[in-house]
Structure formats: C-alpha cells, structure tokens
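Structural overview
Single-letter residue listing:
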Amino acid sequence: MCQAREEYGGCEGPCGAPRVSCAQKCMKCKEASPVLVIRVGDAFCKACFKEYFVHKFRAMLGKNRAIYPGEKVLLALSGGPASSSMLQQVQEGLSRETAKKLRFIPGIIYVDEGAVCGQSLAEREETRRQMETILQASGFPYHVACLEEVFDLPSSILHCIPPDPAGPRSSYKEAVEGFIRQQREEETGGASVPEREVQEKLAGLCTRDMPGAEGLAASGARPLATARTDEMIRLFESVKTLTAKEELLQTLRIHLVLHTARVQGYSKVMMGDSCTRLAVKLLTNLSLGRGASLAMDTGFADDRHGNVVVVRPMREHSAKEIAFYNRLFEIPTVFTPALDTKAREKASIHRLIERFLCGLQAEFPSTVSTVYRTSEKLSATPGGAGPVPERCVLCLCALDTNVEEGSALQAILVSEQLSQKRLPAASPTGRGCCLGTEDQRGCCRNATAPGADARADLLPLLCYGCRLTVKDMTSLENLPPYVHSELERRKCRAAMKLEIQEFLLEDEAGNPGDS
Amino acid sequence: MAAPVSLLVEFGGGAELLFDGIKKHQVTLPCQPEPWDIRSLLKWIKQNLLKERPELFIQGDTVRPGILVLINDADWELMGELDYKLQDKDNIIFISTLHGG
Ligand SMILES: [Zn+2]
Ligand SMILES: [Zn+2]
C-alpha cells in the first residue's frame, strides 16, 4: 500500500508522512485492526478509539474542575458534529455507574439561525423538526430559541453580572462532598429526585421570560415571527462583509444563549468548539485585531459575563476524530447551512484561515495541534487587583483601546484621520455636521435618527475587533434595541460623571478611572 | 479488463450540498482497462455526480483538504489513500469537516 511514497520507505517518524496500513495492529491493544489514524502514525481500532475519545472528554472536565456537582449546565447544541458528539458524551457520562458518573444537571439550548443563513420558512420548520427529535430523545430539558429573539433581550445582557456569592463557589472539594452528602439524603428520603426532574422539565417548557411569550407546548407550535425575521434580515443586509456578518452572528448568538442561561438559572454554558475550530478561531481573531481577548475567546473557560461561564470541553478533539466518532457510533447530527455555506474560499477571513489551516494540515498533520497548543499557553489579561477595566459594549472583553502613545492602534487611528481629512472630527453635538459641502455619510438624511451620531457614540465604547465589525455596517439602526439602550445608559453615565467631576475630590492614591 | 464495480458512495457534513443534497448514491463504475482506484473514482465523481462548484470538493487529483475519506468505515490513510483498489460492494464516504459544509 505504500508504494506511492517509496522515498519515505525506510524512514519513520519526523521526516515525511509515515504510512500506516490496515495490516498493522491498533497501537493500543495491539490486537484489533485499526480504523483511523489519530496523530501522525497512531492508528486505533474502533473500541480503543471510543475509549480514547470518552476519556479525553472526561479528562478535560476533570482537569479543569470547572463544573461543580449539582451545577446546572446548558449545552449549546447546533446540530453540527462537534456539539452533537458533546451531547452524546454528556449522556454517556451521566449514565455511568456512580463512581464515574458526571454529576451536573444538563439542559440544552438550540438556536435557530435560519433567518440569516438563507433558509426558507419551510426549511426552518424541517430543521427544527429534526432538532426536536434529537432534543426529545436526549431526555434533558431543552430550550429552542430563534435568533430573532435577540430583539427582545434586556440591556443587562451587556453587563458583567458577578456570580452569586451564596452560590457553591467555596471549593471544588467541598462542593463534591456536599453533593454526595445531599445525594445520600435524597436516596433515603425518597421522592425528591424525581420531583426535581419534574421541575427541570417544567422549566424546559418555558423558553423566555417575556410576558405573553408562548411556551414550547408542541413541536412547531410557535409561529415564527415574520416581522422579526424581516428585521433580522435587514440587520444582516446592512453588514457589508461576510467577515463582519460572521462576527455579528457570533455576538448575537452568545447573547441569546447567555440570556437563556441566566433566566433558567444555568451557571455554565458548554460549547462544542473542537480543536480544529479553535485553531481557526485563534488565527482568525488575531487577523481581526482581537488579540487582547484571545485567551478568553479560545481557552477552556470564558468568564467575562460573570455569573455564567462558557466552557469548551471538546477543545482537544479534532474535527476528524469527531467526524469518525459520529459515523462509527451513529450519533445523529442535523446539517444546517451556515452563513458561508457554498461561499467562495476567500469570501471571509474565517473561510480563508480555515482553508489555510486545512491545506497546511494535509501536508503537515500536526499543524492544527500546534496552533491549538499555542492557545493553551495564553492566559487571560492580567487583571490583578487593579481597577475593573472598562468593557467593550458588544463582546464584553476588557477594552483594549485605551492604549498609550505610540501603539499600533494609535498609528492606525492617526493614519485613518489623515486619510479622511475632509471630515472634521465628529462633533459631539453632531447636528451641524453637514454644513460642509459633502454629506456622503448621510448624517442628515434623517434628522430624527442621526446614524452618524450613534456611530460616533458607539465606536469609543467598543474593542478594536468590534469596531471593525461596526465599521462594516452601513447603518446601526437595525441593531437590536438592547444595544441602543445600553449605549444610552453608558452615555448618560459618562455625562453625569463629567458634570459632577469638578465636585469630586481628586483621590490620588485611590482607584482612578473607576466610576 | 476490470469488471464493473458497484459502490455505495456517501456524502456528509455538508458535502452532500454539492450533489443535489443527496447523501447516498448507489453507483456502478463501468468496465475499464485499468482497475478502479480512489483517484479514478474522484475523476468519475467529478464528471458524473458533482452538480456544482467542483473546487469545493476536488483540488488537483485529490479531495479538498478538510474532507475526510472513509473506505468501509475505515480511514483511507490506512488503505493507501488515492491508490486504494476499489472492490465490488465497497462503501466510500466523503465527510466535510469544513464550516458550513
Ligand atoms: Zn485497539
Ligand atoms: Zn468587543
């Protein structure tokens, strides 16, 4: 089988791709025939592969000790391969015998993004029907949300809410012991476990806390709000590039998931990002100027939202391992088109980076794991004891734009100003801005909704990465109301601070910049 | 002269979108002087099954990076990749691991 690469014949290991073949035995049990090659030259049989896959998932959770026993954990399920196998891993872990059982309380959220991914209403219904089958079969409480629901989110979604101090945050060990004690009591005490399950189920029936929102009584019973759908489509049409659309979708999606988690009392959200996906994300985010929040964006845990922490337990599983696992063990998945389905290879930065990495990976099989290992070495911004940094309104990362003189960002801003020298720096009052000859930015097109004003207000409150996204939008009017109301709130606060500034005693040793 | 070969060819992970959304294809490869291998199967797929955007499936004489190939539920890397000689009743699966298929 190896004739094609004769030149590598006698040379194992580092020099070139060593060939493995079916004639060889599984590297673990040394008995069965292998079914796939995992790392360079490592071939596993089906049984050993399963063990390896499951072990890796549990080790990731165990190593990080992030999830407390009895904690409510929301699994973000897209129907795609990675999140579907994540769901299966959780099911597997919960069905184990007591000693090895996972001890958290899972729920699932599925977000229907059909509106922006080009699905017709009928296609969305069909996708939703398929998802409901999987959701119901899981036996876990679940929540189905439409991306359109972001228009109803409260502006508190843009706040970092500190975790409840009364919560089980003491120590992992105490939490485990407490949980075991409690379980023993429940076992002797009788009906409390099923009762809790019933409550979970009931909680699962209501997806939103909005008054008048209808629950998820029957499959497909909730009509898709077409007005909202049009609004959503308009929002995405106002975004000029696929790169920015992709970023906006990610932001809105996480807000919606976060909201559901808060309303339903989940303190963790599990995302199914594979190591392949994270490697792509790492390089993409670097290219998008999101270097400052790289550790949070690609690490195991992301606690920027405070009381709900996002974790990524699939981060050591490659896309290949996941695809094989799903195929060999018949894990159901639902394919839904994404924003970039059938797009050209250079249509967005995300797409371009993915192609670049996959291309390299084909030649050098440790490419993805090398990039991924880099992300492990990153650590979140050294916040330390200093003042709480101002956060980006949209993505809640620490603002990376208050930088000192001579930084790369400053250089960019200066050259940007120079290249647009016709435009005076947007005046805070704004109204007089089209006295000049050109009004190409359309600031006076609509006197009641001054788009340029909103933009000038919003940009300083954004991290560099989110600024790029917003700059690719032709209009901010279509952004969901919670963004606008949070913007107003921040503006008022800043204005108020300015007003009382002169009455404040300058606190020399204190925390400057804290409000 | 190689006898005709019957195969079950499957597409998944979104790759099926390039094949009219059809995941399973029962195909019979005609007689040809050379024995059929994956390399010649890819050419045949390009000419006979692929409905659009061939560059999203095939690059050069192989599959686009990011698309996995399974031969009878085993990794094609174990089977000689492009040089694997197709047998009657083989099951060949192409799974896209790329975002959006
Ligand atoms: Zn084995
Ligand atoms: Zn941001």
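Chain B carries the name Ubiquitin-related modifier 1 in an unreviewed UniProt entry, which gives Pelusios castaneus as its organism. Annotation of chain B in UniProt includes, under Subcellular location (unreviewed entry), the sentence "Cytoplasm". Here is the UniProt Sequence similarities (unreviewed entry) comment for chain B, exactly as written: "Belongs to the URM1 family."

Per an unreviewed UniProt entry, chain A carries the name Cytoplasmic tRNA 2-thiolation protein 2 and comes from Pelusios castaneus. According to the UniProt record, the Sequence similarities (unreviewed entry) comment for chain A is "Belongs to the CTU2/NCS2 family." Listed under Subcellular location (unreviewed entry) in UniProt, the entry text for chain A is "Cytoplasm".

Brief notes about the environment of Pro69(A)
Position of Pro69(A) relative to the elements: it lies in the loop between helix H1 (46–64) and strand S3 (72–76). In the structure, Pro69(A) is positioned 36 residues away from Ile105(A) in sequence and 8.2 Å away in space, judged by C-alpha atoms.

Here we look at the coordination of the zinc ion (ligand 1)
Residues and elements named next belong to chain A. Surrounding the zinc ion (ligand 1) are the protein donor atoms Cys26 (SG), Cys29 (SG), Cys45 (SG) and Cys48 (SG), which sit 2.2 to 2.3 Å from the metal. Geometry at the zinc ion (ligand 1) is tetrahedral, judged from its four donor atoms and the angles of 101 to 115° they form at the metal. The sequence motif formed by the donor residues of the zinc ion (ligand 1) is C-x2-C-x15-C-x2-C. Separated by 16 residues along the polypeptide, Cys29 in the segment before strand S1 (36–37) and Cys45 in the loop between strand S2 (43–44) and H1 bring together distant segments of the chain. You can call Cys29 partly exposed: its relative accessible area is 30%.

Here we look at the interface of chain A and chain B
Taken together, the contacts link 32 residues of chain A with 32 residues of chain B. Between chain A and chain B, the buried area comes to about 2700 Å², and carbon and sulfur atoms account for 58% of it. Counting the surface chain A buries against chain B, the share from its top three residues, Arg327(A), Phe335(A) and Lys342(A), is 26%. Across the contact surface, chain A and chain B share four salt bridges. For Asp75(B), the salt bridge identified is with Lys320(A), shortest N-O distance 2.7 Å. For the interface between chain A and chain B, the tally reads 10 residue pairs in polar contact (both at pLDDT 80 or more).

Some points on the coordination of the zinc ion (ligand 2)
All names here are of chain A. Every protein donor of the zinc ion (ligand 2) is accounted for by Cys392 (SG), Cys395 (SG), Cys463 (SG) and Cys466 (SG), and the metal-donor separations fall at 2.3 Å. Coordination geometry of the zinc ion (ligand 2): the four donor atoms subtend angles of 104 to 115° at the metal centre, consistent with an arrangement described as tetrahedral. All donors of the zinc ion (ligand 2) belong to a single chain; written as a sequence motif, their spacing is C-x2-C-x67-C-x2-C. Of this pair, Cys395 sits in the loop between helix H12 (367–377) and helix H13 (408–419) while Cys463 is found in the loop between helix H14 (451–458) and helix H15 (464–471), placing the two residues 68 residues apart along the sequence. Neither residue differs from the other here; Cys395 and Cys463 are each classed as buried.

Observations concerning the nonpolar core
Residue and element names in this part refer to chain A. Of all hydrophobic cores here, the largest spans 60 residues; its most connected members are Phe49, Leu75 and Met270. For this core, the leading source of residues is H1, giving eight residues. Once you skip the residues sitting within four places of it in the chain, Met270 turns out to touch Leu61, Ile67, Val73, Leu74, Leu75, Ala76, Met86, Val90, Phe104, Val311 and Pro313. Among the nonpolar cores identified, the runner-up in size contains 56 residues, and Leu74, Leu235, Leu462 and Tyr482 belong to it.

Examining the sheet that holds strand S5 (residues 67–71) of chain B
The strands that make up a sheet pair up through hydrogen bonds in the backbone, lying either parallel or antiparallel. If you walk across this open sheet you meet the five strands as S2-S1-S7-S5-S6 (chain B), and the pairing is mixed. The open sheet has two edge strands, strand S2 (24–29) and strand S6 (74–75) of chain B, and neither has a second partner. Where strand S1 (residues 5–12) of chain B meets strand S7 (residues 90–96) of chain B, six bridges bridge the pair, whose relative direction is parallel. Counterpart to Gly12(B) in the pairing with S7(B) is Ile95(B). Taken strand by strand, helix H10 (residues 319–328) of chain A contacts S1, S5, S6 and S7 of chain B, and its axis lies near 40° from that of S5(B).

Reading the values: the criteria
- Residues numbered from 1 in each chain as written.
- Chains lettered and ligands numbered in written order.
- Predicted model: local features only at pLDDT ≥ 70, side-chain atom pairs only at ≥ 80, totals over all residues.
- Heavy atoms only, no water.
- UniProt positions renumbered as here; feature names shortened; annotations may be inferred.
- Helix = DSSP H or I, 4+ residues; strand = E, 2+ residues; numbered from the N terminus.
- Donors = N, O, S within 2.8 Å, 3.2 Å for Na, K, Ca; no water.
- Tetrahedral: all angles 85-135°; square planar, octahedral: opposite > 155°, others 65-115°.
- Buried < 20%, exposed > 50% of the residue type's maximum accessible area, 1.4 Å probe, protein only.
- Contact = heavy atoms within 4.5 Å.
- Buried area = accessible area lost by both parts, 1.4 Å probe.
- Salt bridge = Lys/Arg side-chain N within 4 Å of Asp/Glu carboxyl O.
- Polar contact = N/O pair within 3.5 Å; in protein donor to acceptor, adjacent residues only side chain to side chain.
- Core = buried A, V, L, I, M, F, W, Y, C linked by side-chain atoms within 4.5 Å.
- Pairing = 2+ DSSP bridges.
- Axes fitted to C-alpha atoms, helices over the stretch in contact; angles between N-to-C directions.

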